[in-house]
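# Per-entry structural report
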Amino acid sequence: MALFTELGFDPRRAGDGGIELHACPFLAVARRHPGVVCNVHLGLLRATVEGAADATLTPFARPGVCLARLSATR
């Protein structure tokens, strides 16, 4: 949460335990090149939780919202 707050994403806890990212500071570029921008954000998330959790990112899960999920590693 702290990383994405610092980067300006306005993260919020989702009811299902995920993290909703509401204000992508790169939204215009992400819409044109989601494979690049969203994968960079996923890489930041994975580096932050390195080894502690598996991380996934669903770009544009809802209009204006991406969804990050963390699950404990075994």
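Note that the coordinates shown come from a computational prediction; the quantities given were computed from them, not determined experimentally. (Residues numbered from 1 in each chain as written. Predicted model: local features only at pLDDT ≥ 70, side-chain atom pairs only at ≥ 80, totals over all residues. Heavy atoms only, no water.)

Right, let's get into helix α3 (residues 34–48). A rise of 1.5 Å per residue sets the reference length of α3, with its 15 residues, at 21 Å; its end C-alpha atoms lie 21 Å apart and thus fit the reference within 8%. Close packing links the buried residues of α3 with α1 (2–6), α2 (27–32), β3 (53–62) and β4 (65–72). (Helix = DSSP H or I, 4+ residues; strand = E, 2+ residues; numbered from the N terminus. Expected span 1.5 Å × (residues − 1). Contact = heavy atoms within 4.5 Å.)

Examined against the element boundaries, E20 turns out to sit in strand β2 (residues 19–21). Taking relative accessible area as the criterion, E20 reaches 15% and is therefore assigned buried. Polar contacts involving the side chain of E20 include one to the side chain of R62, which spans 3.0 Å. The contacts of E20, once residues within four sequence positions are left out, are D10, P11, R12, A14, R62, V65, C66 and L67. (Buried < 20%, exposed > 50% of the residue type's maximum accessible area, 1.4 Å probe, protein only. Polar contact = N/O pair within 3.5 Å; in protein donor to acceptor, adjacent residues only side chain to side chain.)

A word on the pattern of salt bridges. Scanning the entire structure with this criterion turns up three salt bridges. Measuring nitrogen to oxygen at the nearest pair gives 2.6 Å for the salt bridge that ties D16 to R69. You can see D16 sitting in the loop between β1 (11–13) and β2 and its partner R69 sitting in strand β4, a full 53 residues away along the chain. Note on D16: relative accessible area 49%, which makes it partly exposed. Notably, a salt bridge pairs E20 with R62, separated by 3.0 Å at the nearest N-O pair. Highlighted residues: E20 in strand β2 and R62 in strand β3, separated in sequence by 42 residues. (Salt bridge = Lys/Arg side-chain N within 4 Å of Asp/Glu carboxyl O.)

All right, on to the pairing of β3 then. Relative to β4, β3 runs antiparallel, the two sharing seven bridges. Residue pairing across strands places A55 opposite L70, the latter belonging to β4. What sits between β3 and β4 in their antiparallel hairpin is a turn of two residues, with G64 showing a positive phi close to 80°. (Pairing = 2+ DSSP bridges.)

With that settled, the discussion passes to the environment of N39. Among the secondary structure elements, N39 is positioned in helix α3. Measuring from C-alpha to C-alpha, the distance between N39 and P59 comes to 9.3 Å, with 20 residues separating the pair along the chain.

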